[in-house]
Amino acid sequence: VKEAAMVICGYSLLKRKNIVVSSNYFGKTTTAIFYVVVLLVLFFPSLAQRGSLVRFSLCLAATLSCIVSALAYLVRYKPELMLLRGGRNNSGTHK
């Protein structure tokens, strides 16, 4: 869901306002955690057993990092997203 929202918002910002959405360390950290969790579950199938506290902890870490990353991008690009919705520009006047 986060990735789909990033693609849609990034494309809209690029086409309408010529703003390129750059990556940041929140997104890179989230990607790294996600890859580590997937690789651990693939290479250590015992982690994927029902009721595994380790599996739950890994998935929780990946989910929380996704949420933090999405919020960080939202905070960073909120002014630009408001411009897309027809909000105020930097001078405080309507477009």
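That block above? That's the structure.
Remember, predicted model here, so these are calculated numbers, not experimental data.

Visitor: What should I look at first to understand helix H2 (residues 25-43) in this one?
Guide: For an α-helix, the turn length of 3.6 residues means that residues three or four places apart are oriented alike. The first and last C-alpha atoms of H2 sit 27 Å apart over 19 residues, in line with the 27 Å expected at 1.5 Å per residue. Those residues of H2 that sit buried are Gly-27, Thr-30 and Val-37. With its buried residues spanning 95 degrees around the axis, H2 presents them on a single face. Exposed residues lying more than 90 degrees from the buried face of H2 are Tyr-25, Lys-28, Tyr-35 and Phe-43. In this fold, the buried residues of H2 make contact with helix H3 (53-84).

Visitor: For this particular structure, what's the right way to read the nonpolar core?
Guide: Among the nonpolar cores identified, the biggest contains 5 residues, and these are Leu-13, Tyr-73, Tyr-77, Leu-81 and Leu-84. Here this core gets 4 residues from one element, more than from any other, and that element is H3. If near-sequence neighbours (up to four positions away) are discounted, Tyr-73 is found in contact with Met-6, Ser-22, Ser-23, Asn-24 and Gly-27.

Calculation notes
Residues numbered from 1 in each chain as written. Predicted model: local features only at pLDDT ≥ 70, side-chain atom pairs only at ≥ 80, totals over all residues. Heavy atoms only, no water. Helix = DSSP H or I, 4+ residues; strand = E, 2+ residues; numbered from the N terminus. Expected span 1.5 Å × (residues − 1). Buried < 20%, exposed > 50% of the residue type's maximum accessible area, 1.4 Å probe, protein only. Arc of directions from axis to C-beta. Contact = heavy atoms within 4.5 Å. Core = buried A, V, L, I, M, F, W, Y, C linked by side-chain atoms within 4.5 Å.

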